[in-house]
Amino acid sequence: MMLEDLSRPGSIRGEKQVVNVSVTAARRKFCQLGTSVWYNIFPAHSVNCGEDNSHSIDMSNKHLSAVTLFLCVAVGLKATTVLIQSPGDVKVREGETVLIQCVLESSDVQDTVEKYDVHWYNSRSKLNQEGIVLSLYNHGSVYRSPGFSDRFQLSRNVTSNSYSLTISDVKTTDSADYICGIWGHLFGKGTRLNVTSADVPVLMQSPSLEHVTEGHTARLWCTMTRARLQDTDVHWYRKLPGQDLEWVLTHDAGGSPQWGPGFTERFLPYRDTSNSSFVLTVTDVEPSDSAVYYCRVWGDISGNGSQLIVNTPPAAAEDQTPAADYENVSKAREIPTSADPNATYMALQQPTQSTYGHLQGHKQTSDS
């Protein structure tokens, strides 16, 4: 709507007029969203969203300045732009091809992919100029940082308004998070690529049974073959009797651990590359830590399990008084107790020769 149209019939001037603000067909979606904006500004008037993609406002004996109307249109047509990236996670074997897409969606039809440079990052912690590994500029040229060959192909599709990253003949070293971005501040949610070797990995856990005293440290080992330890995320679970598997933590290939609900840094993962093993360390163990622990990779390949049993330290033996000791010895020898000190001495002294003779005779009788 042009400002000079305000003097024409049907403008906002008059006893009762209708104001029509045209919205282009490409912004049809906003017609419904924008209605709430009009209601906030004109709560006393009727606001309709017509099939011709326009807003109609009935006004009686009201005057509206051109500046106010322009402000309404400007607020209503504020563009919302997002990059929708897919897939979120992808696991492939070496030699396969991966396609990652970022669709540019905007309420402004002027936001099209051929107008903007797109950059790709492979680290969530470096979404800046330093973290750019691949770029496709709006004039068509391509930038690849060292280590990225033409196996990494960049493209844009005007019809679907999307950017694409195609990685062919993938290697295990390609495993990373790939994030698309434009304008230096608008990013997709990222795609986690996990490239595994052609052979299916085998996990072997040890020990199968681990007894640890409460308060001490337990170490559970998960040795992996047929896959690179450094390029593989490992997940640790545990199972209590009668319960489902419980997620303990995940140790991703980048080295960052993520703990499951209720688990703390008492549960620490690390990689022993010299033994090709994942290790789970549980410090200051508690009786509630007793369970069967499983390592898992590739989402569905698990180890054979390690059972952890936390033992409570034995209670200290109760002290016995000398009188109690004497009473026990007396009962064993069937010697009556006495308060006489001499009797106590006699009871505790070494047996006499006659006693040995008596015992020897008793043994001979028993043997015969």
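Here is what the cut-offs are and how they apply
Residues numbered from 1 in each chain as written. Predicted model: local features only at pLDDT ≥ 70, side-chain atom pairs only at ≥ 80, totals over all residues. Heavy atoms only, no water. Helix = DSSP H or I, 4+ residues; strand = E, 2+ residues; numbered from the N terminus. Contact = heavy atoms within 4.5 Å. Areas by Shrake-Rupley, 256 points an atom, 1.4 Å probe, with all protein chains shown as cover. Buried < 20%, exposed > 50% of the residue type's maximum accessible area, 1.4 Å probe, protein only. Lys, Arg positive; Asp, Glu negative; His and termini not counted. Salt bridge = Lys/Arg side-chain N within 4 Å of Asp/Glu carboxyl O. Pairing = 2+ DSSP bridges. Axes fitted to C-alpha atoms, helices over the stretch in contact; angles between N-to-C directions. Disulfide = S-S within 2.5 Å. pLDDT = per-residue confidence, 0-100.

S.K.: What is the right way to read the overall build of the protein chain from this model?
M.R.: From N to C terminus, the protein chain includes five helices and 25 strands. Counting contacts in the protein chain only where the partners sit at least 6 residues apart, residues at least 24 apart contribute 54% of the total. If you sum the accessible surface of the protein chain, you get close to 21,600 Å²; carbon and sulfur atoms cover 52% of it.

S.K.: In this structure, what is going on with the side chain of Glu210? I would like to understand it.
M.R.: Assignment of secondary structure puts Glu210 in strand E16 (residues 209-213). Buried and without a salt bridge, Glu210 has Arg219 as its closest oppositely charged side chain, separated by 7.6 Å. When sequence neighbours within four positions are dropped, the list of residues in contact with Glu210 reads Ala218, Arg219, Leu220, Gln307, Leu308 and Ile309.

S.K.: For this particular structure, what's the right way to read the pairing of strand E7 (residues 118-121)?
M.R.: Along a regular strand, successive side chains alternate from one face of the sheet to the other. Residues of E7 alternate between two faces, with Val118 and Trp120 on one and His119 and Tyr121 on the opposite face, all of them buried. Where E7 meets strand E8 (residues 132-136), four bridges bridge the pair, whose relative direction is antiparallel. Within the sheet, the bridge partner assigned to Trp120 lies in E8 and is Leu134. Of the pairings in the sheet, the one linking E7 to strand E12 (residues 176-182) comprises three bridges and is antiparallel in character. Note on E12: the bridge partner recorded for Tyr121 is Ile179.

S.K.: I would appreciate a short explanation of the sheet that holds strand E4 (residues 81-86) in the present structure.
M.R.: Pairing between the strands of a sheet is mediated by backbone hydrogen bonds and can be parallel or antiparallel. What the four strands build is an open sheet, ordered E4-E6-E11-E10; its pairing is antiparallel. Both edges of this open sheet fall to E4 and strand E10 (152-157), since each of them pairs with a single strand only. Neighbouring strand axes in the sheet, compared pairwise and without regard to direction, differ in orientation by 15 degrees on average. Two strands pair when backbone bridges link them, and E10 and strand E11 (residues 162-167) are joined in this way by six bridges, in the antiparallel orientation. Note that in E11 the partner of Arg156 across the bridge is Tyr163.

S.K.: What am I meant to see in the state of the cysteines here?
M.R.: One way to say it: the disulfide is the covalent bond shared by the sulfur atoms of two cysteines. Tallying each qualifying case throughout the model produces two disulfides. Here Cys102 is linked by a disulfide to Cys180, with a sulfur-sulfur distance of 1.8 Å. Handedness of the Cys102-Cys180 disulfide follows from its S-S torsion of about -95 degrees: it is left-handed. Of this pair, Cys102 sits in strand E6 (residues 98-106) while Cys180 sits in strand E12, and the two are 78 residues apart along the sequence. Take Cys102: its relative accessible area is 0%, and that puts it in the buried class. Across the disulfide, Cys222 is cross-linked to Cys295 (sulfur-sulfur distance 2.0 Å). Taking the sign of the S-S torsion, about 70 degrees here, the bridge from Cys222 to Cys295 comes out right-handed. Within this pair, whereas Cys222 is found in strand E17 (residues 218-225), its partner Cys295 is found in strand E23 (residues 291-297), the two being separated by 73 residues in sequence. Here Cys222 falls in the buried class, since its relative accessible area comes to 0%.

S.K.: What is the right way to look at the confidence of the model for the protein chain in this model?
M.R.: Do not read the fine detail of predicted coordinates wherever pLDDT is low. Per-residue confidence for the protein chain averages 76 on the pLDDT scale, and 64% of its residues sit at or above 70. Contacts of residues 1-78 to residues separated by more than four positions or lying in other chains number 99 contacts, the stretch itself having pLDDT below 50. The model gives residues 323-366 a pLDDT under 50, and that stretch makes 19 contacts with residues more than four places away or in other chains.

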